[in-house]
Amino acid sequence: MNNTKQILSLNHCTLSIVCPMYNEEESLAVFFNRLLPVLVSAGEPFEIVCVNDGSRDATLERLFTARKLEPRIRILNLSRNFGKEAALTCGIDHAIGDAVIPIDADLQDPPELIIEMLQLWRQGFDVVLAQRTDRSADHFLKRKTAEWFYRLHNAISDSVIPSNVGDFRLMDRKVVEALKALPERRRFMKGLFAWVGFRQAVIPYSREARQAGASKFSGWHLWNFALEGITSFSTAPLRIWTYLGLFIALLAFTYGSFIVGRVLLLGRDMPGYASLITVVLFLGGIQLIGLGVLGEYLGRIYLETKGRPVYIVRDHFDHEA
Ligand code: UDP
Ligand code: MG
């Protein structure tokens, strides 16, 4: 505790752990019990920035209890639930360390890796990624859809998100400042992390099952998250309609020529209801999809132009100055 006071009064620390929390009352005690010994053994001044993302359970009270024992825990209490990406952004914005590590509160990201991350950081890497080699803790469908998402995203976007890499990583201050300078409000963190680049190292690890409680991300949630990721970093879905339109126009022209030729050569045919209705429905469907994609981007422009803040902090429980 004494050396803690000394460290805090300097108002500087080497390592910031950033932890977004939403309804994590069950995980908290176990989480700190496992995280703190690792941080202490790392032997660097540290802070733990906990962002309470509008939890409806006793997360905030548990955080206060933890902070009484460990004043290096800072609490940022958001005014409501803003979602993980916003909570993470908030934590990263407020972290003061030379290296920042976002980590989930459910112990799915093993804190022990932090030691190894720090070593690689000292060797000169700006970003140290933790890559899940074993996702057997996630069910089959989640694994498969995640794999498809990474493939599609990387095929059509400029920046490549390494597959099976989450938010758990070490970032140097340079990287954090670069991230903070990105003006977008809809923040797809994985994509932003990849976009800024820098020198990266990868540590493989095996992902454990959630410590307690259930994942906050349902299938529908993940689907929207994937759409967010793709529309944030690629305009390919917009461009594809030009080519699809050209292709369909070409098909229509060929088929039209064929019909006209046949009438000229063989005389008038029976009216073709089946082919007509097929073409009409097909084109109608294609146009609707195209409109949907336009709408998706338009929606993003709309949300960005409003320029609302990504999150609102209700209370700060910070380092005592
Ligand atoms: N989380 C958050 N706000 C939300 C949803 C989740 O801050 O609206 C936090 C949650 O408390 C946890 C982390 O984000 O620390 C990851 O959430 P979860 O374990 O539910 O996601 P999964 O591991 O299934 O991807
Ligand atoms: Mg989790």
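Residues numbered from 1 in each chain as written. Chains lettered and ligands numbered in written order. Predicted model: local features only at pLDDT ≥ 70, side-chain atom pairs only at ≥ 80, totals over all residues. Heavy atoms only, no water.

A. Structural view of the overall build of the protein chain. Helix and strand counts for the protein chain stand at 11 helices and eight strands. Compactness check: the protein chain gives a C-alpha radius of gyration of 25 Å against a globular reference of 20 Å for 321 residues, more than 25% above the reference. For the protein chain, the spread of C-alpha atoms along the principal axes amounts to about 100 × 40 × 35 Å. Buried residues in the protein chain amount to 44% of all 321 residues. Entry remark: accessible area of the protein chain is about 17100 Å², with carbon and sulfur atoms responsible for 63%. Seen as two clouds, the 36 positive and the 34 negative side-chain charges of the protein chain have centres 5 Å apart. (Helix = DSSP H or I, 4+ residues; strand = E, 2+ residues; numbered from the N terminus. Rg over C-alpha atoms; globule rule 2.2 N^0.38 Å. Buried < 20%, exposed > 50% of the residue type's maximum accessible area, 1.4 Å probe, protein only. Areas by Shrake-Rupley, 256 points an atom, 1.4 Å probe, with all protein chains shown as cover. Lys, Arg positive; Asp, Glu negative; His and termini not counted. Charge placed at Lys NZ, Arg CZ, Asp CG, Glu CD.)

B. Summary view of the sheet that holds strand S6 (residues 165–172). A sheet is described by the order of its strands in space; here eight strands give the open sequence S7-S5-S6-S4-S1-S2-S3-S8, paired in mixed fashion. Two strands bound the open sheet, and with one partner strand each, they are strand S7 (200–206) and strand S8 (313–317). When strand polarity is set aside, the average angle formed by the axes of neighbouring strands in this sheet is 20 degrees. In this structure, strand S5 (residues 127–134) lies alongside S6, joined through four bridges in antiparallel fashion. Its bridge partner being in S6, Val 128 is matched across the sheet by Leu 170. Helix H3 (residues 59–69) contacts strand S1 (15–21), strand S2 (46–52), strand S3 (73–78) and S8 of the sheet and is inclined by roughly 160 degrees relative to S3. (Pairing = 2+ DSSP bridges. Axes fitted to C-alpha atoms, helices over the stretch in contact; angles between N-to-C directions. Contact = heavy atoms within 4.5 Å.)

C. Quick peek at the site of ligand 1. Neighbouring residues of ligand 1: 18 residues in total, closest Glu 24, Asp 53, Asp 106, Gln 108 and Ser 215. Between Glu 24 and ligand 1, the recorded distance is 2.5 Å, taken from a side-chain N or O atom to an oxygen atom. Here an oxygen atom of ligand 1 and a side-chain polar atom of Asn 81 are 3.1 Å apart. Protein chains shield 92% of the accessible area of ligand 1, which is 530 Å² for the free molecule. (Near = heavy atom within 4 Å. Polar contact = N/O pair within 3.5 Å; in protein donor to acceptor, adjacent residues only side chain to side chain.)

D. Spatial organisation of the coordination of the magnesium ion (ligand 2). Looking at the magnesium ion (ligand 2), the protein donor atoms are Asp 106 (OD) and Gln 108 (OE1), and they sit 1.9 to 2.0 Å from it. Of the two residues, Asp 106 and Gln 108, both sit in the buried class. (Donors = N, O, S within 2.8 Å, 3.2 Å for Na, K, Ca; no water.)

E. Looking closely at the nonpolar core. Membership of the largest hydrophobic core comes to 39 residues, with the highest contact counts inside it found for Phe 32, Ile 48 and Ile 114. Residues in contact with Ile 114, not counting those within four places in the same chain, are Leu 15, Ile 17, Leu 35, Val 38, Leu 39, Ile 101 and Phe 168. The next biggest cluster of nonpolar side chains, apart from the first, holds 37 residues, and it includes Leu 76, Val 100, Phe 149 and Ile 161. (Core = buried A, V, L, I, M, F, W, Y, C linked by side-chain atoms within 4.5 Å.)

F. Main features of the pattern of salt bridges. The tally for this structure, following the rule as stated, stands at 15 salt bridges. Of the charged contacts, one joins Arg 34 and Glu 112 as a salt bridge, the two residues approaching to 2.9 Å between their closest N and O atoms. Taken together, the residues span a long stretch of sequence, with Arg 34 in helix H2 (residues 25–42) and Glu 112 in the loop between strand S4 (99–102) and helix H5 (113–122) at a distance of 78 residues. You can call Arg 34 partly exposed: its relative accessible area is 24%. A salt bridge links Lys 84 to Asp 104; its shortest N-O distance comes to 3.0 Å. Pair noted here: Lys 84 is in helix H4 (residues 84–94) and Asp 104 is in the loop between S4 and H5, with a separation of 20 residues, a long-range link. For Lys 84, a relative accessible area of 22% gives the class partly exposed. Exposure remark for Asp 104: the relative accessible area of 15% places this residue in the buried category. Connected via shared salt-bridge partners are Glu 47, Arg 74 and Asp 318. (Salt bridge = Lys/Arg side-chain N within 4 Å of Asp/Glu carboxyl O.)

G. Helix H8 (residues 189–196), seen in detail. Of all eight residues that make up H8, seven are buried, and the element is covered over most of its length. If you check which residues of H8 are buried, you get Met 189, Lys 190, Gly 191, Leu 192, Phe 193, Ala 194 and Val 196. As for H8, its buried residues are in contact with H4, helix H6 (140–156), S6, helix H7 (173–180) and helix H9 (219–233). Count one or two residues on from H8 and you reach Gly 197, which has phi positive near 80 degrees.

H. Highlighting the side chain of Asp 172. Within the secondary structure, Asp 172 sits in strand S6. Of the polar contacts made by the side chain of Asp 172, one reaches the backbone nitrogen of Lys 174; its length is 3.0 Å. With sequence-adjacent residues up to four places away left out, Asp 172 is seen in contact with Asp 98, Trp 121 and Asp 126.

I. Spatial organisation of the pairing of S6. Most of S6 is tucked away, with eight of its eight residues classed as buried. One ladder, built from two bridges, connects S4 with S6; its direction is antiparallel. Its bridge partner lying in S6, Val 100 is registered against Met 171.

J. Structural context of the environment of Ser 163. Inspection of the secondary structure assignment puts Ser 163 in the loop between H6 and S6. Taking the C-alpha atoms as reference points, Ser 163 and Val 263, 100 residues apart in sequence, are found 56 Å from one another. Those residues in contact with Ser 163 that lie beyond four places of it in its chain are Gln 131 and Tyr 150.

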